[in-house]
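# Commentary on secondary and tertiary structure
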Amino acid sequence: EGQCPLFEGKLFILNEILRAQKSLHKTGIFHRDVKPGNIILCIDCRVVIIDFGLAHILDFSITETTIQGFPSYLPPRAVEGAKIDHRTDPWAFGALAYELLGGERPFDSPPFSGVVLNILSPQTGHPCASVPEFHAPLAEVLRALMAKSRALHYQHAEEALEDWDHAVAGFALH
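Residues numbered from 1 in each chain as written. Predicted model: local features only at pLDDT ≥ 70, side-chain atom pairs only at ≥ 80, totals over all residues. Heavy atoms only, no water.

## Quick notes on the side chain of His153
- Take His153: it is sitting in the loop between helix 5 (136-145) and helix 6 (157-168).
- Residue contacts for His153: discarding those within four places in its chain leaves Arg87, Ala144, Leu145 and Ala147. (Helix = DSSP H or I, 4+ residues; strand = E, 2+ residues; numbered from the N terminus. Contact = heavy atoms within 4.5 Å.)

Below is the structure:
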């Protein structure tokens, strides 16, 4: 579509993050704190997820009732302090992808409580509606990644990766 190399570079970084999430999930680990500060782009173009301080093994029961993680990258259930699971990572990836490609955090509103209200409120529109540059397949993946209903967003990073690969097909990701 004639996108600039910068856009394709961003897609490459996001592609690598989602592939790393898939690999982590296959080993039974979910990160729970995917955000820009926990992503490193190495000099050789490798993308590395760091800071596993909030990570959990999927076999363990998680019954926390406090919010852990940066609110802009947390799904509604995590913001509510409810039990979270592996679906937290695809949501965080969607928020990170939106920010990297769209130039602002989805649902952002100062102060902290504004972010929480925007994430939880059914009246808050989906952030992709405000960024017309997202071509339709990519916008659909981002909508599913950040769907407010648990039933509507991706259940596994692997599912998200399949749709992501389709959405970014045709871009030079290297």
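That shown, we press on.
## Quick notes on helix 5
- Restricting attention to buried positions, one finds in helix 5 the residues Leu138, Ala139, Val141, Leu142, Ala144 and Leu145.
- Turning to helix 5, the residues buried within the fold contact helix 1 (5-26), helix 3 (88-102) and helix 6. (Buried < 20%, exposed > 50% of the residue type's maximum accessible area, 1.4 Å probe, protein only.)

## What to know about the packing of helix 1 against helix 3
- At a closest axis distance of 10 Å, the pairing of helix 1 and helix 3 adopts a crossing angle of 170°. In terms of axis orientation, helix 1 runs roughly antiparallel to helix 3. Residue-level contacts link Phe7, Lys10, Leu11, Ile13, Leu14, Ile17, Leu18, Gln21 and His25 of helix 1 to Asp89, Pro90, Phe93, Leu96, Ala97, Leu100 and Leu101 of helix 3.
- Looking at the contact of helix 1 with helix 3 residue by residue, the class counts come to 12 nonpolar, 2 polar and 2 charged. (Axes fitted to C-alpha atoms, helices over the stretch in contact; angles between N-to-C directions. Parallel < 35°, antiparallel > 145°, perpendicular 65-115°, else oblique. Nonpolar A, V, L, I, M, F, W, Y, C, P; charged D, E, K, R; others polar.)

## Focus on the environment of His153
- Take His153: its relative accessible area is 5%, and that puts it in the buried class.
- When the C-alpha positions of His153 and Pro90 are compared, they lie 8.4 Å apart, and in sequence the two are 63 residues distant.

## Some details on unusual backbone geometry
- You will see that Cys45, though not glycine, has its phi angle at about 75°, which is positive.
- Its place among the elements puts Cys45 in the loop between strand 2 (39-41) and strand 3 (47-49).

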